[in-house]
Amino acid sequence: MTKQTDESPSHATEWSAGWWHEAQRVTSPNFGPRPPGTVVDLVVIHSISLPPGVYGGPEVQQLFTNTLDWDAHPYFQSIRGMEVSSHFYLQRTGAILQFVSCNDRAWHAGRSHYRGRDNCNDDSIGIELEGTDEDRFTSSQYESLHRLCRAISGSYQIRHIAGHEHIAPGRKTDPGPAFEWSELTQWPEISGWRFPG
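So, here is what we can say about the structure in this document. (Residues numbered from 1 in each chain as written. Predicted model: local features only at pLDDT ≥ 70, side-chain atom pairs only at ≥ 80, totals over all residues. Heavy atoms only, no water.)

A short note on the pattern of salt bridges
What counts here: Whenever Lys or Arg places a side-chain nitrogen within 4 Å of a carboxyl oxygen from Asp or Glu, that contact is recorded as a salt bridge. Burial status follows relative accessibility: with a 1.4 Å probe on protein chains alone, a residue under 20% of its type maximum counts as buried, one over 50% as exposed, and anything between as partly exposed.
Scanning the entire structure with this criterion turns up 9 salt bridges. Where Asp71 meets Arg80, a salt bridge forms, and the shortest distance between an N and an O atom there is 3.2 Å. According to the relative accessible area criterion, Asp71 is exposed, its value standing at 59%. Each of Asp41, Arg115, Arg117 and Asp123 takes part in a single network of salt bridges with overlapping partners.

Spelled out as structure tokens, the structure:
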């Protein structure tokens, strides 16, 4: 399923059954097993806010745990009944929440195709950043994303990183033009990952 590539004590203590110890654990019911023999080799970056452009509330966590009050805001009617999740969610403050073990299949990608493969949920780790396509993400979010990517690179065989817009072009546009891919290319821990063209 997933192969621990570094069994040194520093990496062994960072993770427990696919849960990263630095993240706040908020368990989502929206997940399933990865297909047998799956190698997790892709990280997918998303952006999300509920309602769109509103930050700091509990609505994203509620969406991922199937506890969102659909009648609390008119926008929620457009996503009513949706059952989704992501492995990680990075708030504007830099706080990191984890909803699904990285050893399991979260429901973040939807209909998707990348690296010549369909169904990117099967072999990817999904990371949601609190934000929109238009708003710049915070320095705290990039710092947290750096720490998270470093931890992931030490324990999973990641070879690719892409945005939701790259794996579902024409259907999704996040994380959008405000996301600074150039920032990520400076991180030595992921220098071997392939970025979107």
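Picking up after the structure, the text goes on.
Focus: the environment of Thr173
Note the cut-off: Under the DSSP-based scheme used, a helix requires at least four consecutive residues in state H or I and a strand at least two consecutive residues in state E, with every element numbered from the N terminus. Note on definitions: a residue-residue contact is assigned when non-hydrogen atoms from the two residues lie within 4.5 Å. Whenever a nitrogen or oxygen atom comes within 3.5 Å of another N or O atom, the pair is scored as a polar contact, on the condition that within protein one atom can donate a hydrogen and the other can accept it, and that pairs from neighbouring residues in sequence are kept only if both atoms are in side chains.
For Thr173, the location among the structural elements is in the loop between α4 (164–167) and α5 (181–184). Distance from Thr173 to Glu14, taken between C-alpha atoms, is 32 Å for residues 159 residues apart in sequence. Setting aside residues up to four positions removed in sequence, Thr173 forms contacts with Asp133 and Glu165. A distance of 2.3 Å separates polar atoms of two side chains, one belonging to Thr173 and the other to Asp133.

Side note on unusual backbone geometry
A cis amide bond, omega -15 degrees, links Leu50 with the succeeding residue Pro51. Looking at where Pro51 falls in the secondary structure, it is placed in the loop between β5 (42–48) and α2 (59–64). The omega torsion across Asp174 and Pro175 is 5 degrees, close enough to zero to call that bond cis. When you line up the elements, Pro175 lands in the loop between α4 and α5. If you check the backbone angles, Asn66 has positive phi at about 60 degrees while not being a glycine. With respect to the helices and strands, Asn66 occurs in the loop between α2 and β6 (88–90). The backbone of Arg115 shows a phi angle near 55 degrees, a positive value even though the residue is not glycine.

Focus on the sheet that holds β5
The condition is simple: Two strands qualify as a pair provided that DSSP identifies no fewer than 2 bridges between them.
Taken in spatial order, the 6 strands line up as β3-β7-β6-β11-β5-β12 in an open sheet, and their pairing is mixed. Two strands bound the open sheet, and with one partner strand each, they are β3 (24–25) and β12 (160–163). Here 3 bridges tie β6 to strand β11 (residues 124–130), and the two strands are oriented parallel to one another. Note that in β11 the partner of Tyr89 across the bridge is Glu128.

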